[in-house]
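Structural features, examined
Given next are the chains, with one letter for each unit.
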Amino acid sequence: MRRAARPGRAAAVGLLLAARAVAGLEPISVGIAIAAASALTGYLSYTDLFCRFAECCLEEQRLNASALKLELEEKLFGQHLATEVILKALTGFKNNKNPKKPLTLSLHGWAGTGKNFVSQIVAENLHSKGLKSNFVHLFVSTLHFPHEQQIKLYQDQLQGWIRGNVSACASSVFIFDEMDKLHPGIIDAIKPFLDYYEQVDGVSFRKAIFIFLSNAGGDLITKIALDFWRAGRKREDIQLKDLEPVLSVGVFNNKHSGLWHSGLIDRNLIDYFIPFLPLEYRHVKMCVRAEMRARGSAIDEDVVTRVAEEMTFFPKSEKIYSDKGCKTVQSRLDFH
């Protein structure tokens with residue numbers, strides 16, 4: 001007499017397919033299907049299986065530092081300081097199981113030097129869906145906080161948004177773009193969340209990451225980079241200590257920085273001020289080649305040179321740095 005077959009892999013596969021089919025409908029059905037499949041197979045925990053069909057906040061997921069290092073070195077051009085500091089800051093923070101405060105980075109430099117690009121790389125290395133993740137939140141000053149007369153409303157909304165999202169995922173990432181266009185005072189609403197508190201209103205913010213992007217301080221960075229160039233020194237000789245103190249003071253006293261007289265600086269709650277150096281002609285050519293590779297095109301050095309030469313450079317007498325960095329490379333390449 002044949003023994004009744006135990007419901008096994010085939011049944012489990014069927015239930016998993018059912019779970020996938022309802023994944024776009026409602027989480028309760030997904031949960032029931034996944035729980036049944038897990039019980040049948042005994043191979044995966046409920047959480048492991050659920051996270052195959054829905055994005056999960058994996059607070060203890062370690063950062064792949066080698067992958068991040070490789071991506072920064074291969075895709076970010078002319079920014080040795082940013083590459084070094086971001087890698088060390090993120091690696092140290094993610095390896096610390098009990099950080100005393102959230103990691104807060106402030107990225108500064110002219111447009112087109114790579115600040116937004118780096119924030120995208122960081123987001124993708126922390127949460128697999130990157131900027132599309134439910135746990136990565138992008139605020140654009142001119143879009144989300146446009147009216148100066150509504151600062152109090154924005155402060156209340158910002159506190160609510162951040163508190164709610166960190167409650168849902170402790171390792172949430174918050175990116176604030178166009179900080180130089182943010183009305184002064186708004187960002188101070190999040191000061192309690194960035195401080196050394198174990199909890200604020202029952203929520204711990206210590207595993208969250210905050211990234212500020214700003215053009216403010218670009219003039220200070222350029223001045224120091226130019227001083228090095230005129231002294232015959234390599235840009236790679238520039239160290240963080242040459243720029244960070246000047247940058248933090250300059251941004252604090254700049255009414256158009258979004259951090260003007262901010263308690264975030266006054267209380268030393270920003271962990272790193274990261275300078276993005278102005279890009280030279282050779283870096284622009286690197287950007288053109290990278291864009292060609294991204295499009296699946298063969299590298300044509302004649303086109304690379306033509307696109308780079310179409311850019312404008314400053315100062316007028318020396319023409320060292322691209323005034324738009326690599327910002328217009330994509331659109332200019334379309335014409336070739």
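Per chain, residues are indexed from 1 in the order of the written sequence. Per-residue local features are limited, in this predicted model, to residues with pLDDT of at least 70; the limit for side-chain atom pairs, both in listing and counting, is 80 or more; totals at the level of whole chains, interfaces and linings are taken over all residues. Remark: hydrogens and water are excluded; side-chain values derive from all non-hydrogen atoms of the structure.

Let us look at the side chain of His 283. Helix and strand assignments follow DSSP, with helices taken as H or I runs no shorter than four residues and strands as E runs no shorter than two, numbered in order from the N terminus. Relative to the elements of secondary structure, His 283 occurs in helix H13 (residues 281-294). Take His 283: its relative accessible area is 2%, and that puts it in the buried class. The contact definition used throughout considers only heavy atoms, calling two residues in contact when any of these lie within 4.5 Å. Those residues in contact with His 283 that lie beyond four places of it in its chain are Phe 77, Gly 78, Arg 235 and Cys 326. We call a residue buried when its accessible area falls under 20% of the maximum for its residue type, exposed when it is over 50%, and partly exposed in between, using a 1.4 Å probe and counting protein chains only.

Here a Phe, Tyr or Trp ring, Trp counted by its six-membered ring, pairs with any other such ring whose centre lies within 6.5 Å, and the pair is stacked when the planes are under 30 degrees apart, edge-to-face when over 60, and tilted otherwise. Applying the stated rule across the entire model yields 10 aromatic pairs. Measuring from ring centre to ring centre gives 5.8 Å for Phe 139 and Trp 161, while their planes differ by 20°; the resulting arrangement is stacked. Linking Phe 139 in strand E2 (residues 136-140) with Trp 161 in helix H8 (residues 151-168), this pair joins segments that are 22 residues apart in sequence. Taking relative accessible area as the criterion, Trp 161 reaches 34% and is therefore assigned partly exposed.

The next subject is unusual backbone geometry. Between Phe 314 and the following residue, Pro 315, the backbone shows a cis peptide bond with an omega angle of -5°. With respect to the secondary-structure elements, Pro 315 resides in the loop between strand E6 (313-314) and strand E7 (321-322). One non-glycine residue, Glu 178, adopts positive backbone phi at about 60°. Here Glu 178 lies in the loop between strand E3 (173-177) and helix H9 (191-194). With a relative accessible area of 21%, Glu 178 lands in the partly exposed category.

Another aspect to go through is the UniProt feature "binding site: ATP" (unreviewed entry) in the chain. Listed under "binding site: ATP" (unreviewed entry) in the UniProt record, and renumbered for this structure, are Gly 109, Trp 110, Ala 111, Gly 112, Thr 113, Gly 114, Lys 115 and Asn 116. If you trace the backbone, Ala 111 turns up in the loop between strand E1 (103-108) and helix H6 (115-126). When neighbours within four sequence positions are excluded, Ala 111 is seen to be in contact with Asn 215, Lys 324, Gly 325 and Lys 327. Those residues in contact with Asn 116, other than ones at most four positions away along the chain, are Asp 177 and Leu 213. UniProt positions are given in the numbering used here, feature names are shortened, and annotations may be inferred rather than shown by experiment.

For the purposes of this section, nonpolar cores are sets of buried Ala, Val, Leu, Ile, Met, Phe, Trp, Tyr and Cys residues that join through side-chain atoms within 4.5 Å. Core analysis: the largest hydrophobic core is formed by 68 residues, its most contacted members being Ile 86, Leu 90, Ile 162, Phe 176, Ile 187, Ile 190 and Phe 212. Leave out the neighbours within four places in its chain, and Phe 176 touches Phe 139, Leu 158, Ile 162, Ile 187, Ile 190, Phe 210, Ile 211, Phe 212 and Leu 213. Among the nonpolar cores identified, the runner-up in size contains 15 residues, and Leu 279, Cys 287, Val 304 and Val 329 belong to it.

Confidence scores labelled pLDDT are given residue by residue by the predictor and lie between 0 and 100. Averaged over every residue, the pLDDT of the chain is 89; residues scoring 70 or more account for 86%. Note that residues 1-25 has pLDDT below 50 and, in this model, 21 contacts with residues that lie over four places away or in other chains.

The subject of this paragraph is the sheet that holds strand E5 (residues 272-275). Strands are treated as partners if at least two bridges between them are detected by DSSP. Taken together, 5 strands build an open sheet; the order of strands is E2-E3-E4-E1-E5 and the sheet is parallel. Taken across any chain shown, the strands that pair with only one partner, and hence form the sheet edges, are E2 and E5. For this sheet, the mean angle separating the axes of adjacent strands, direction not counted, is 15°. Direction of pairing for E2 relative to E3: parallel, over a ladder of 5 bridges. Looking at the pairing, Val 136 lines up with Val 173 of E3. All axes are obtained by fitting lines to C-alpha atoms, using only the stretch in contact for helices, and the reported angles, taken between N-to-C directions, cover 0 to 180 degrees. Lying over the sheet, helix H11 (residues 240-252) contacts E1 and E5, oriented at roughly 110° with respect to E5.

In this description, a disulfide is simply a cysteine sulfur pair whose atoms lie within 2.5 Å. Counting across every chain of the model gives 3 disulfides. Between the sulfur atoms of Cys 51 and its disulfide mate Cys 56 the distance is 2.0 Å. Every disulfide takes its handedness from the sign of the S-S torsion; for Cys 51 and Cys 56 that torsion is -100°, giving left-handed. Classification of Cys 51 by relative accessible area gives partly exposed; the value is 25%. Take Cys 56: its relative accessible area is 21%, and that puts it in the partly exposed class. When the bonded cysteines of the chain are numbered from the N-terminus onward, they pair as 1-2, 3-4, 5-6.

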